[in-house]
Every structure is written in C-alpha cells, then in structure tokens.
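# Report on the structure
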Amino acid sequence: MRNFLKKDGLKILIAFVLITTGVAILNFTWIAPKISAGINYITAPLKKVSGAIFGIAERSIERKKTAEEYENEIAQLKTENTKLKSQLIDYYETKRENAQYLKFYDFKKQNPGLKFISGKVLEKDNNDLFKGFTLDQGTINGVKINDPIVTDKGLIGRVCEVFDSSCVVKTILSPEVKAGVLDVKTGDNGVLMGNIRLADQNLTGMMYLPSQNTIEIGDTVVTSGLGGTYPKSLPVGIVKELSYDDYDSSLFAKIEPLADIKNAVEVFIITDFAERK
Amino acid sequence: MQYKIFRYFAYSLEMIIFFVLDRTPIMMLDFWSNRASLLVPIVFMIALFEGEEVGVSFGVFAGILLDSSVGYSWGFFVILLGILGYIIGLISRDIINVTFLTAMLVCAVATVVFFIFSFFYYNFAQRYQNAWYIFWRHYLIKIAFGLLTLPIVYYLNRPLAINLNEQ
C-alpha cells in the first residue's frame, strides 16, 4: 500500500481528478464564459485565415464542367424559358379576358333590360371611309340586321349585314346610320347622322336641331329610343360645336363619340331590348 | 405544266395573304385613315407577266375576294378587275415588251382607272354629299399608295414569273 501511494502514476491520477473537478465546478460559475470568450477572441482570426485558405483550395480543386454539361444546361434553360414565356402569354390573355368579362358584367349591371353578346373585330374594311368593320358573331349566335353595336363607353353603330358566323357593322360616323338622339341636359331632340368631313375628324352630327334649342358645348347626347332601332338612353357622345350645314343651312351639332370607334377591338351586340319594334 | 401549277398556286397564296393583311386591324401603315392595298397591284402584275387569260382569271378571283368583304354589292370588283386583267394581259402580249418601265406605266394607268371607277361607283353614284372632298382626301391618297407599291409588287412577282417557268 505504501509503495502504491509513492508511485508517480497515482499522483498524476489524483492531479487529473482534481483538475477535472475544478473545471466542472467552473462551468457553474461566471468565470467559464469569460474564459471561453477569451479563447475565441484569440482563435477567431486564425479560424478566418484557415477558412479562407480552405475555400481557395476547394475552388481550385473543384471539377470544371465540360462543354457537354454546359450545352445540356443551356438547352434545359431554353426549354424552361420557352415554357415560362408561354405561361406569360397565357397570363396576359387571361388578364385581358378577365378585363373584358368585368366590362361585360358592369355593362349588364347598368343595363339590366338589354340582352347582348360580346363580339370581337375580325377585320376592318380598307375601303369603308366611315371605319366599318366585321365582327365574329353571326346568325347562329342570334345576331340580326340593325342590332345596335356598343362598347362600355357608348354606341358605335349597327349591324348592316349578317352571315352565319360574322356580321358587318356600319358606324355612327356613316350617313347610312341614323339614330334618334337627345341632349340629356336640355331634352332637345335631333337625328344622329354623319358625313365624310365629320368622319375624318372622328365626329358625327346631330342634325335637324330645333331652332329654339338650348344645347350647349359639352352636353352629353344619348339615344332617344324613338323609332325602335336603338334602346333608350344609350350614351352616344359629347357636343363639340354647333354649326350650320353647308347644303341646307340647318343648324346641327358636331358630336364626338364616347366610344373609340377607330380602335374598337371588342364590342357588345345588343340582340334584344324592351323598346324594339 | 408542273411549273405552271406551282406558279399559279404561288400567285393565289400571295393574293390571299395580302388580302388578309390588308384587312387586319393595325397591320398596315395608314395616312389620313387610308391604307395601302397590295391586292390590286398584284393582279395587274400577274396579268402583265402571264397574259390575258390568266389576267382575267386572277382578276375575277381578286374581285371575288374584294366583293365578299365588308359592305359591297357583289359583282362590281369582279367585273372591273376581270376587265382590267384582260386588257393588261392583252397589252403585255401584243403591244409592249414587259420591262420595269413599261410595267410601271401600264399598271399606273390601270391603278388610276381602277380607283376612279371605284370612286364613281361607291360615292358619286350613291350621291353622298361631299363626293369631291372624298375624291381628293381619300381616293387620291389611295391612288398614290397604289402607285408607290407598284415597284415592290413588280419585284415580288417577277422572280415567280421567271423562275417558275418551263422556259
């Protein structure tokens, strides 16, 4: 026993136990974190340097892609790009359709008594000086001759020819399209009828005004419903100027249509309404 | 025979394409709401290169296309372009040698005649007011556009007439 206690190994063992116990006790005191922070403070720069060296080494030994891999990656990206472009086109088309459905819904809400369908402009006649066009709806969709054509802004014209799946529209700029109209503010009646000089300025005329009229520039003109060709109170245009006709000196008003006739793309065809005869 | 079929097919396709392009909204540039139309000069050039029989056939075809489009009574363009196609074909066979200069001269006269007849039929006859205003403001511009497009149409159709030819 005495010999065992005298051996150096035992002394080392005891010293180790004491140190370990001391360190364990230190963990529960405020000194340990300070010691850890101190060690980190000293070793952090060394860690950064070694990390940088290791990163450079990693990049330099990283395997470079082959030309074939790059080509495959490019082909894959191109396919993905084409797919994304196609989705983008679908998105814009859907967005446009939604906007049109919204207009359709708003128009329906404002005019509950009208029965109508939407139509798209197929072609514009190069030879029609009054900006007539063809729509993609015909007799199979319930379209008839003289059906009014409108947008959410106002009256555009009427159907003058109809086929199975298309119809030809003459606009309110044309002298062949006449409509009974009235000034919303004053109640003065007139007949909407265009001519080429007005049509070139994108205007139409409100003819046969009573001599005692009180129409003013800026007044809104709507359909009167007289004659049964057009529903009542459809917006037509704004009075731009009062003038005298060159041929018979009668007073007429130049009307600027509210609807954009020249650039019409999607319109509504009114297939039935209450005042129709 | 095979070359002839290819040639006539190419002419027909050309006419249909330009007919559709003429009527597509916002496709062609316009001036004071008047747009260039290539269909009529094409008919004249075909008649010039091919003769009176082919000229009248393609004139009738172009007339059918134009009459079937918006708002016209059937027959006017068929008759007018048929006659003009025949006359131009006859002139190219019997009177002139077809060169750039003679082609431009003959087709220019035909273009002017075409638009003047169109004007008289559709505006003067219908007693529109301001008929003369329509003429100088619209039809003169249409004539100018028609004349400007003649060289383009000549160089478009000449290769077809020369290369797709048995001779």
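Each chain carries its own residue numbering, running from 1 in the written order of its sequence. Note on labels: chains are lettered from A, ligands numbered from 1, in written order. In keeping with the model being predicted, local features are shown solely for residues with a pLDDT of at least 70 and side-chain atom pairs are shown and tallied solely at 80 or more, while totals for entire chains, interfaces and linings include all residues. Side-chain calculation: all heavy atoms of the structure are included, whereas hydrogens and water are not.

## So, the overall build of chain B
Just so we agree on the cut-off: In DSSP terms, a helix is any run of H or I states spanning at least four residues, a strand is any run of E spanning at least two, and both are numbered starting from the N terminus. In this analysis, two residues are considered to be in contact whenever any of their non-hydrogen atoms come within 4.5 Å of each other.
Within chain B, the secondary structure is distributed over six helices and two strands. Along its sequence from the N terminus, chain B presents helices and strands in the succession α-β-β-α-α-α-α-α. Within chain B, counting contacts between residues at least 6 apart in sequence, those at least 24 apart form 70% of the total.

## Observations concerning the side chain of Asp183(A)
Residue and element names in this part refer to chain A. Counted only if it meets this: Polar contact is defined as a pair of N or O atoms within 3.5 Å, subject to the rule that within protein one atom must be able to donate a hydrogen and the other to accept it, and that residues adjacent in sequence are counted only when both atoms are side-chain atoms.
Assignment of secondary structure puts Asp-183 in strand 6 (residues 179–183). A polar contact is formed between the side chain of Asp-183 and the backbone nitrogen of Thr-186, at a distance of 3.3 Å. Once residues lying within four places of it in the same chain are set aside, the contact partners of Asp-183 are Asp-188, Met-206, Ile-215, Glu-216, Asp-219 and Thr-220.

## Comments concerning the nonpolar core
Within soluble globular proteins, side chains that are nonpolar tend to cluster in buried spots. To keep it simple, the criterion reads: Working definition of a nonpolar core: buried Ala, Val, Leu, Ile, Met, Phe, Trp, Tyr and Cys residues. They are joined through side-chain atoms within 4.5 Å. Buried residues are those whose accessible area, probed at 1.4 Å on protein chains only, stays under 20% of the maximum for their type, while exposed residues exceed 50% and partly exposed ones sit between those limits.
With 89 residues, the main nonpolar core has Leu135(A), Phe44(B), Met45(B) and Phe114(B) as its most contacted residues. Excluding residues that lie within four positions of it along the chain, Phe44(B) makes contacts with Leu81(B), Leu84(B), Ile88(B), Cys107(B), Ala110(B), Thr111(B) and Phe114(B). Ranked by size, the runner-up nonpolar core spans five residues in total, among them Met193(A), Leu198(A), Leu203(A) and Met207(A).

## Considering the packing of aromatic side chains
Heads up, the rule is: Between rings of Phe, Tyr and Trp, where Trp is taken as its six-membered ring, a pair exists when centres lie within 6.5 Å; planes separated by under 30 degrees are stacked, by over 60 edge-to-face, and by other angles tilted. Only when the NZ of Lys or the CZ of Arg is both within 6 Å of the ring centre and within 35 degrees of the ring normal is a charge said to sit over the ring.
Across all of its chains, the model carries 18 aromatic pairs over all chains by this definition. Residue placement shows Lys142(B) over the ring face of Tyr139(B); its charged tip is 5.9 Å from the ring centre.

## What to know about the sheet that holds strand 9 (residues 220–223) of chain A
Residues and elements named next belong to chain A. Selection rule: Criterion used throughout: strands pair if DSSP finds at least two bridges between them. Lines fitted to C-alpha atoms define the axes, with helix axes restricted to the stretch in contact, and inter-axis angles between N-to-C directions lie between 0 and 180 degrees.
Taken in spatial order, the six strands line up as 6-7-8-11-10-9 and close into a barrel, and their pairing is antiparallel. Neighbour-to-neighbour, the strand axes of the sheet open up by a mean angle of 45°, direction not taken into account. By the bridge criterion, four bridges tie strand 6 to strand 7 (residues 189–193) in an arrangement that is antiparallel. Following the sheet pairing, Val-181 is matched in strand 7 by Gly-190.

## Describing the packing of helix 1 (residues 2–23) of chain B against helix 2 (residues 39–50) of chain B
Between two packed helices, the angle of one axis relative to the other and the distance separating the axes together describe the packing. Residue and element names in this part refer to chain B. Which entries qualify depends on this criterion: Any angle that is under 35 degrees is reported as roughly parallel, and any over 145 degrees as roughly antiparallel; angles of 65 to 115 degrees are reported as roughly perpendicular and all others as oblique. Should the near helix be turned anticlockwise from the far one by less than a right angle, the crossing is termed left-handed; should it be turned clockwise, right-handed. Residue classes follow a fixed rule: Ala, Val, Leu, Ile, Met, Phe, Trp, Tyr, Cys and Pro count as nonpolar, while Asp, Glu, Lys and Arg count as charged, and any other residue, Gly among them, counts as polar.
It is the contact of helix 1 with helix 2, at a shortest axis distance of 9 Å, that shows an interaxial angle of 165°. Between helix 1 and helix 2, the interaxial angle falls into the category roughly antiparallel. In this structure, the crossing between helix 1 and helix 2 has a hand that is right-handed. Here helix 1 contributes Arg-7, Tyr-8, Tyr-11, Glu-14, Met-15, Phe-18, Phe-19 and Asp-22 to the contact with helix 2, which in turn contributes Leu-39, Ile-42, Val-43, Ile-46, Phe-49 and Glu-50. By residue class, the composition of the contact of helix 1 with helix 2 is 10 nonpolar, no polar and four charged.

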